[in-house]
Amino acid sequence: MKILFATGNADKMREIREILGGSGIEAVSLKEAGVSLEVEENGATFEENAIIKAQACMELTGEIALADDSGLEVDAMDKEPGVHSARYMGRDTSYHIKNKSIIERLEGKTGEERSARFVCAIAAAFPDGRILTTRGTMEGQIGYEERGENGFGYDPIFYLPEYGCYSAELSPEKKNELSHRGKALRAMRDKLLAEWEKR
Ligand code: IMP
């Protein structure tokens, strides 16, 4: 089964291929397919945004298309930045500044009051109109400082109490195993294979 993945991000494609390896599902990125797609991610949920992107990609190409949307939910901030994670404080603002701002906004809060999670929704859009979605989460807390050199975005302030370290301190392999995106991708792989078997 060949699927198009609506991303231009090479790191995401590598992760997707690692997870789909050996499953019989071959993922091709938009760039590799020579397709360019600009869609406004104006959905209110991660699922809505993933569906908007997957559907637009399917309509443009006529192929089964997958897309993801992800972000950080901070409970004490009413689950912000949420679907606005990339846009929080402006798209071009550095993550060092965004991360510092979140730590400041949680001043005075301790333990469970600092609870947060990374969320990833993946949608698959089929040419016959079927839509599948999956969601993966990684639970943790906002730390008191930035720590670690791996990962990206909000990883340096995301503390994993179970592992006693920050997300940016995880090896790439461990991050794939625990991450919201890894979980949502593995669930999507299983749903696609089940759909395939129904034919
Ligand atoms: P998108 O799903 O590519 O639109 O990414 C949304 C945004 O959420 C990213 O730009 C990051 O700010 C944040 N984000 C999503 N996943 C992660 C992660 O694994 N680590 C750190 N930040 C993340």
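Parameters at a glance
Residues numbered from 1 in each chain as written. Predicted model: local features only at pLDDT ≥ 70, side-chain atom pairs only at ≥ 80, totals over all residues. Heavy atoms only, no water. Helix = DSSP H or I, 4+ residues; strand = E, 2+ residues; numbered from the N terminus. Rg over C-alpha atoms; globule rule 2.2 N^0.38 Å. Buried < 20%, exposed > 50% of the residue type's maximum accessible area, 1.4 Å probe, protein only. Areas by Shrake-Rupley, 256 points an atom, 1.4 Å probe, with all protein chains shown as cover. Lys, Arg positive; Asp, Glu negative; His and termini not counted. Charge placed at Lys NZ, Arg CZ, Asp CG, Glu CD. Polar contact = N/O pair within 3.5 Å; in protein donor to acceptor, adjacent residues only side chain to side chain. Core = buried A, V, L, I, M, F, W, Y, C linked by side-chain atoms within 4.5 Å. Contact = heavy atoms within 4.5 Å. Axes fitted to C-alpha atoms, helices over the stretch in contact; angles between N-to-C directions. Parallel < 35°, antiparallel > 145°, perpendicular 65-115°, else oblique. Left-handed = near helix turned anticlockwise from the far one by under 90°. Nonpolar A, V, L, I, M, F, W, Y, C, P; charged D, E, K, R; others polar.

Enquirer: So what exactly am I meant to see when it comes to the overall build of the protein here?
Expert: In terms of helices and strands, the protein carries six helices and eight strands. In sequence order, the protein lays out its α and β elements as β-α-β-α-α-β-β-α-β-β-β-β-α-α. For the protein, the C-alpha radius of gyration of 17 Å lies close to 16 Å, the compact-globule estimate for 199 residues. Per-residue burial for the protein yields a buried fraction of 48% across its 199 residues. Per element, the accessible surface of the protein, about 10,100 Å² overall, is 47% carbon and sulfur. Put simply, the protein has 27 plus and 36 minus side-chain charges, and the middle of one group is 2 Å from the middle of the other.

Enquirer: Would you mind showing me how to read the environment of Arg14 here?
Expert: As for its placement among the helices and strands, Arg14 is situated in helix H1 (residues 10–20). Placed 13 residues apart in sequence, Arg14 and Ala27 show a C-alpha to C-alpha distance of 9.9 Å. Polar side-chain contacts of Arg14 include one of 3.1 Å to the side chain of Asp11.

Enquirer: Is there a simple way to explain the nonpolar core in this structure?
Expert: Most often, soluble globular proteins keep nonpolar side chains buried together rather than apart. In terms of nonpolar packing, the biggest core is built from 20 residues, with Ile3, Ile16, Leu66, Ile122, Ala124, Met188 and Leu192 touching the most fellow members. For this core, the secondary-structure elements that each account for two or more residues are strand E1 (2–5), H1, strand E5 (115–125) and helix H6 (180–197). With sequence-adjacent residues up to four places away left out, Leu192 is seen in contact with Met1, Ile25, Leu66, Ala124, Phe126 and Leu132. Membership of the second largest hydrophobic core comes to 18 residues, among which are Tyr88, Ile102, Ala116 and Tyr154.

Enquirer: Help me understand the packing of H1 against H6, please; the structure alone is not making it clear to me.
Expert: A packed helix pair is summarised by two numbers, namely the angle formed by the two axes and the spacing between the axes. Running from N to C, H1 and H6 point in directions that differ by 45°, and their axes come no closer than 10 Å. Here H6 runs oblique to H1, going by the angle between their axes. You can see that H1 and H6 cross each other, and the crossing is right-handed. Side by side, H1 and H6 meet where Lys12, Glu15, Ile16, Ile19 and Leu20 of the first sit next to Arg181, Gly182, Leu185, Arg186 and Arg189 of the second. Here the residues of the contact of H1 with H6 are counted per class, giving four nonpolar, one polar and five charged.

Enquirer: Where do I start with the environment of Val83 in this structure?
Expert: When you line up the elements, Val83 lands in the loop between strand E4 (80–81) and helix H4 (95–105). For the pair Val83 and Pro161, spaced 78 residues apart in sequence, the C-alpha to C-alpha distance is 24 Å. Setting aside anything within four residues of it in sequence, one finds Val83 in contact with Gly43, Ala44, Thr45, Phe46, Asn49 and Asp69.

Enquirer: Would you mind showing me how to read the environment of Met58 here?
Expert: Tracing the backbone through its elements, the reader meets Met58 in helix H3 (residues 46–61). Here Met58 falls in the buried class, since its relative accessible area comes to 11%. The sequence separation of Met58 and Leu72 amounts to 14 residues, and the corresponding C-alpha distance is 27 Å. Excluding anything up to four places from it in sequence, Met58 contacts Glu63, Ala65, Ala125, Phe126 and Pro127.

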